[in-house]
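Report on the structure
Each chain, written out:
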Amino acid sequence: MLYTSTLFRWLQRKRYQYEVTFSLYMLTPMEKFIFNSFLFLFLSMIIIAASLYLPSHMTTIASRAWFYYAGDESTADEMGGLKGMGQGHGVGG
């Protein structure tokens, strides 16, 4: 029971800090709902975009870093990077 009340008090404090930080305490309940909905949608889109795009982007960055370090295209191609690099971007003719 002690841990439950402590957790509940901590959650109340965090909610209070959130409302004071973003000045939500002066909004009506509908305005709070709209603001929180936009914030939730924005953060959801950021998380989804990062989880879909970031792994392939990090692979590309790692393969290019290896190429800059080692200078060997065959090893960079084995890592899956540098494929199509320079094609269609006005590089190399």
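Residues numbered from 1 in each chain as written. Predicted model: local features only at pLDDT ≥ 70, side-chain atom pairs only at ≥ 80, totals over all residues. Heavy atoms only, no water.

Looking up the protein chain in an unreviewed UniProt entry gives the name Small subunit of serine palmitoyltransferase-like, with the organism given as Lasallia pustulata.

**As for the overall build of the protein chain**
A tally of regular secondary structure across the protein chain gives three helices and zero strands. Of the regular secondary structure in the protein chain, the N- to C-terminal order runs α-α-α. If you sum the accessible surface of the protein chain, you get close to 8200 Å²; carbon and sulfur atoms cover 69% of it. (Helix = DSSP H or I, 4+ residues; strand = E, 2+ residues; numbered from the N terminus. Areas by Shrake-Rupley, 256 points an atom, 1.4 Å probe, with all protein chains shown as cover.)

**Observations regarding the UniProt feature "transmembrane region" (unreviewed entry) in the protein chain**
The positions that UniProt labels "transmembrane region" (unreviewed entry) are, in the present scheme, residues 33-54. Spanning residues 33-54, this segment combines 100% helix with 0% strand, and its end C-alpha atoms are found 31 Å apart. (UniProt positions renumbered as here; feature names shortened; annotations may be inferred.)

**Regarding the confidence of the model for the protein chain**
Parts of the model with low pLDDT should not have their predicted coordinates read in detail. Summing up the model confidence of the protein chain, the mean pLDDT is 84 and the portion of residues at 70 or higher is 76%. Taking the mean pLDDT of every element in the protein chain, the minimum, 60, falls on helix 3 (residues 73-78) and the maximum, 94, on helix 2 (residues 29-70). Across residues 88-93, where pLDDT falls below 50, the model places one contact with residues more than four positions away in sequence or in other chains. (pLDDT = per-residue confidence, 0-100. Contact = heavy atoms within 4.5 Å.)

**Side note on the packing of aromatic side chains**
Per the stated rule, a full pass over the model turns up four aromatic pairs. Ring centres of tryptophan 66 and tyrosine 69 lie 5.5 Å apart, and the angle between their planes is 50°; on these two criteria the pair is classed as tilted. Of this pair, tryptophan 66 and tyrosine 69 both sit in helix 2, three residues apart, roughly one helical turn. Judged by relative accessible area, tryptophan 66 falls into the partly exposed class, the value being 35%. With relative accessibility at 67%, the residue tyrosine 69 sits in the exposed group. Clustering of aromatic rings is evident, with ring pairs tying together Tyr18, Phe22 and Phe35. (Phe/Tyr/Trp six-rings, centres within 6.5 Å; stacked < 30°, edge-to-face > 60°. Buried < 20%, exposed > 50% of the residue type's maximum accessible area, 1.4 Å probe, protein only.)

**Topic: helix 1 (residues 2-21)**
Taking 1.5 Å of rise per residue, the 20 residues of helix 1 would be expected to cover 28 Å, and the 28 Å separating its terminal C-alpha atoms lies within 8% of that figure. Of the residues one or two after helix 1, serine 23 is the one with positive phi, at around 55°. (Expected span 1.5 Å × (residues − 1).)

**A word on the pattern of salt bridges**
This structure, assessed with the given rule, holds two salt bridges. Two residues, arginine 15 and glutamate 19, come together in a salt bridge whose shortest N-O distance is 3.5 Å. With arginine 15 and glutamate 19 both in helix 1 and four residues apart, the pair spans about one turn of that helix. Residue arginine 15 is classed as exposed on the basis of its relative accessible area of 56%. (Salt bridge = Lys/Arg side-chain N within 4 Å of Asp/Glu carboxyl O.)

**Considerations on a nonpolar patch on the surface**
On the surface, Phe40, Leu41, Phe42, Leu43, Met45, Ile46 and Ile47 cluster together to form a nonpolar patch covering roughly 760 Å² of accessible area. Along the chain, phenylalanine 42 falls in helix 2. (Patch = residues over 30% accessible without salt bridge, like charges linked within 9 Å, V, L, I, M, F, W, Y side chains within 5 Å.)

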